[in-house]
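# Structural description and commentary
One-letter residues, chain by chain:
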Amino acid sequence: MKKVGSQVTIAIDGPAGSGKSTVARRVAEKLGLLYLDSGAMYRAVTLLAIQDGLTADSPELIERVKACRIEFADNGRTILLNTEDVSVDIRTPPVNRRVADIAKIPEIRHEIVKHQQRIGAEGRIIAEGRDLTTIVFPHADFKFYLDASVTERAKRRLADLEKQNVDITLAAVEAEISARDEKDKTRAHSPLRAAEDAIIVDTTDKTIDAVVDFILMHICEGEGGSR
Ligand code: C5P
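Residues numbered from 1 in each chain as written. Predicted model: local features only at pLDDT ≥ 70, side-chain atom pairs only at ≥ 80, totals over all residues. Heavy atoms only, no water.

## Side note on the overall build of the protein
Put simply, the rule is: Note on conventions: DSSP H or I runs of at least 4 residues are helices, E runs of at least 2 residues are strands, and numbering of each starts at the N terminus. It is over C-alpha atoms that the radius of gyration is taken, and the globule rule equals 2.2 Å times the number of residues to the power 0.38. Between buried and exposed lies partly exposed: a residue is buried under 20% and exposed over 50% of the maximum accessible area for its type, with that area taken using a 1.4 Å probe on protein chains only. Residue contacts are counted whenever heavy atoms from the two residues lie within 4.5 Å of one another. Counted charges follow a simple rule, with Lys and Arg positive, Asp and Glu negative, and His plus the chain ends left uncounted. Note on charges: their place is set at NZ of Lys, CZ of Arg, CG of Asp or CD of Glu.
Secondary structure assignment for the protein yields 9 helices and 8 strands. For a compact globule of 227 residues, the expected C-alpha radius of gyration is about 17 Å, and the protein comes in at 17 Å, within 12% of that figure. Projecting the C-alpha coordinates of the protein onto the three principal axes gives extents of approximately 50 × 35 × 35 Å. Burial status across the protein gives 48% buried among its 227 residues. Within the protein, residue pairs in contact and separated by at least 24 positions form 77% of the contacts whose partners lie at least 6 positions apart. For the protein, the separation between the mean place of its 33 positive charges and that of its 37 negative charges on side chains is 2 Å.

## Focus: the sheet that holds strand β7 (residues 142–147)
Convention followed: Any two strands between which DSSP finds at least two bridges are classified as paired. Note on definitions: angles span 0 to 180 degrees between N-to-C directions of axes, and those axes are lines fitted to C-alpha atoms, for helices only across the stretch in contact.
Taking strand neighbours across the sheet as the criterion, the 5 strands line up as β2-β6-β1-β7-β8 in an open arrangement whose pairing is parallel. At either margin of the open sheet sits one strand with a lone partner, and together these are β2 (34–37) and β8 (199–202). In this sheet, adjacent strand axes meet at a mean angle of 20° when their direction is disregarded. One ladder, built from 6 bridges, connects strand β1 (residues 8–13) with strand β6 (residues 124–129); its direction is parallel. Its bridge partner lying in β6, I10 is registered against I126.

Printed below as a string of structure tokens:
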């Protein structure tokens, strides 16, 4: 039986809208763990590029990323880019459209992964993204891969965007996440894939509570790392 009370690393990967942020946040609250939203870090550097008028192939971009400070506050609810709260700005359509192109740059991934591993060294963490189970925390105690149909994932994202008063159709959201999935799954470095030893969870017809309970059950039973 794994002791959740001591050191534990839980890693979750999956495509956009698979439910991993909400689920990871809830599990973090229930178990008193640090929550790491790795996508927020790629979003923050994408916002930095947009603010500075830089594109994925601008030579200065990597230096700008190396020099910037990304910090979390309020257990992952707030993200600070060079001390400025960018929690809302990183979730806008221009960032959604460009983040996968910035996130595929190996030097940028290298910087961000180092930062994530430093955060993870604290030892009581649940982290989610695209390469947490494969690259960032390959020795995590528990690994999960969350997935759902693209239409269901688009509906979830649309509901989030509507809360932010973003005017966009379901078809446009579906097209955007499909394009992003394709880039994330086919890039040369750290593509999105399920780790061999990850437990795969299809969340299409499941409530958030059901997925949270499933994950908690595995953790409490110490069954992570096996299918
Ligand atoms: O999880 P979220 O949708 O916020 O991630 C935004 C984007 O950041 C992803 O589509 C992907 O391009 C990139 N990302 C990544 N590796 C991670 C987390 C996110 O490449 N670990």
